[in-house]
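# Examination of the molecular architecture
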Amino acid sequence: MRRLHAAGALTEVWLDHPKLLFGGMIDLVALDSDAGVVVVDFKTGASKDAHRDQLLLYAMLWWRATGTV
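The structure reproduced in this document is the subject of the present report.

Thresholds, definitions, all that
Residues numbered from 1 in each chain as written. Predicted model: local features only at pLDDT ≥ 70, side-chain atom pairs only at ≥ 80, totals over all residues. Heavy atoms only, no water. Pairing = 2+ DSSP bridges. Helix = DSSP H or I, 4+ residues; strand = E, 2+ residues; numbered from the N terminus. Axes fitted to C-alpha atoms, helices over the stretch in contact; angles between N-to-C directions. Buried < 20%, exposed > 50% of the residue type's maximum accessible area, 1.4 Å probe, protein only. Salt bridge = Lys/Arg side-chain N within 4 Å of Asp/Glu carboxyl O. Expected span 1.5 Å × (residues − 1). Arc of directions from axis to C-beta. Contact = heavy atoms within 4.5 Å. Polar contact = N/O pair within 3.5 Å; in protein donor to acceptor, adjacent residues only side chain to side chain.

### Describing the sheet that holds strand 3 (residues 36-40)
The strand order across the open sheet formed by three strands is 1-2-3, and the pairing between neighbours is antiparallel. Two strands lie at the open edges of the sheet, namely strand 1 (9-16) and strand 3, each paired on one side alone. Pairwise comparison of adjacent strand axes, ignoring direction, gives a mean angle of 40° for this sheet. When strand 2 (residues 23-32) meets strand 3, the two strands line up antiparallel, connected through five bridges. Note on strand 3: the bridge partner recorded for Leu28 is Val40.

### Examining unusual backbone geometry
For Glu12, which is not a glycine, the phi torsion comes out positive at approximately 45°. Looking at the secondary structure, you find Glu12 in strand 1. The exposure class of Glu12 is exposed, given its relative accessible area of 61%.

### Overview of the pattern of salt bridges
On inspection of all chains with the given rule, the structure shows one salt bridge. Note that Asp41 and Lys43 form a salt bridge whose closest N and O atoms lie 3.0 Å from each other.

### Observations concerning helix 2 (residues 49-66)
Here helix 2 spans 26 Å end to end across 18 residues, near enough to the 26 Å set by a 1.5 Å rise per residue. All of the buried residues along helix 2 are Tyr58, Leu61 and Trp62. All buried residues of helix 2 lie within an arc of 100° about the axis, which places them on one face of the element. With respect to the buried face of helix 2, the exposed residues turned more than 90 degrees away are Asp49 and Arg52. Those residues of helix 2 that are buried are in contact with helix 1 (2-7), strand 1, strand 2 and strand 3. Backbone geometry just after helix 2 places Gly67 at a positive phi near 80°.

### Considering the environment of Pro18
With respect to the element layout, Pro18 can be found in the loop between strand 1 and strand 2. Separated by 48 residues in the primary sequence, Pro18 and Thr66 place their C-alpha atoms 12 Å from one another.

### Focus on the side chain of His17
By the secondary structure assignment, His17 is in the loop between strand 1 and strand 2. Of the polar contacts made by the side chain of His17, one reaches the backbone nitrogen of Leu20; its length is 2.9 Å. Filtering out sequence-adjacent residues up to four positions away, His17 remains in contact with Phe22, Met60, Leu61 and Arg64.

Set out below in structure tokens:
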């Protein structure tokens, strides 16, 4: 969180779940004055349900690592 507040945004953030065997590379984590912390995953092509699921997993990983949403 210190790095995020200093820079305003972080790119390619790798996070692992502390107890489950999965992790992921978040494309962008940014601070937004209205929304707070914003987790972004860039995709090409048509939107898919799996994209939303992946984004929710990344948000959960961020929460587990930082305690913030």
